[in-house]
Amino acid sequence: MIAFTYAVIAITFIALGIGGIMYLDHRFSLSVGDRPFAIKGRRIETDDPFVRSQFKKFYAIRVAYSLFLLVMLFVVVSHVG
């Protein structure tokens, strides 16, 4: 039963992680519209200061979301049993 619980927790957090990051990337794309940019890893190549500021904002949100999920994973797993 505990193995099933851990499997459900794992599937849930993987879905939340991938889905949340994809949603944040989608919101970033919507916020910059059709302005030219290229993302290479953790860097962005653009001449537009608005795109650069939006990228920094959404990157910080992505990091905060990832840390939140990590903390929540520890909290949830510590209460199993």
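Structure: see above.
Overview of the structure. All figures in this text were calculated on a predicted structure; none of them were measured in a lab.

Conventions we followed
All residue numbers refer to positions counted from 1 along the written sequence of the respective chain. Thresholds applied to this predicted model are a pLDDT of at least 70 for local features of residues and 80 or more for the giving and counting of side-chain atom pairs; totals over whole chains, interfaces and linings are not thresholded and use all residues. The basis for every side-chain value is the complete set of heavy atoms in the structure, and neither hydrogens nor water enter the calculation. Helix numbers and strand numbers start at the N terminus; a helix is a DSSP run of H or I with at least 4 residues, a strand a run of E with at least 2. Pairs of residues are marked as contacts when any of their non-hydrogen atoms sit within 4.5 Å. Nitrogen and oxygen atoms within 3.5 Å of one another constitute a polar contact, given that in protein one can donate a hydrogen and the other can accept it, and given that sequence-neighbouring residues count only through two side-chain atoms.

**As for the environment of Leu73**
- Here Leu73 shows up in helix α2 (residues 49–78).
- Separated by 63 residues in sequence, Leu73 and Ala10 place their C-alpha atoms 8.8 Å apart.
- Excluding anything up to four places from it in sequence, Leu73 contacts Ile9 and Phe13.

**Description of the side chain of Thr46**
- Relative to the helices and strands, Thr46 is located in the loop between β2 (43–45) and α2.
- A polar contact is formed between the side chain of Thr46 and the backbone oxygen of Pro36, at a distance of 2.9 Å.
- Not counting residues up to four positions away in its chain, the partners in contact with Thr46 are Pro36, Phe37, Val51 and Arg52.

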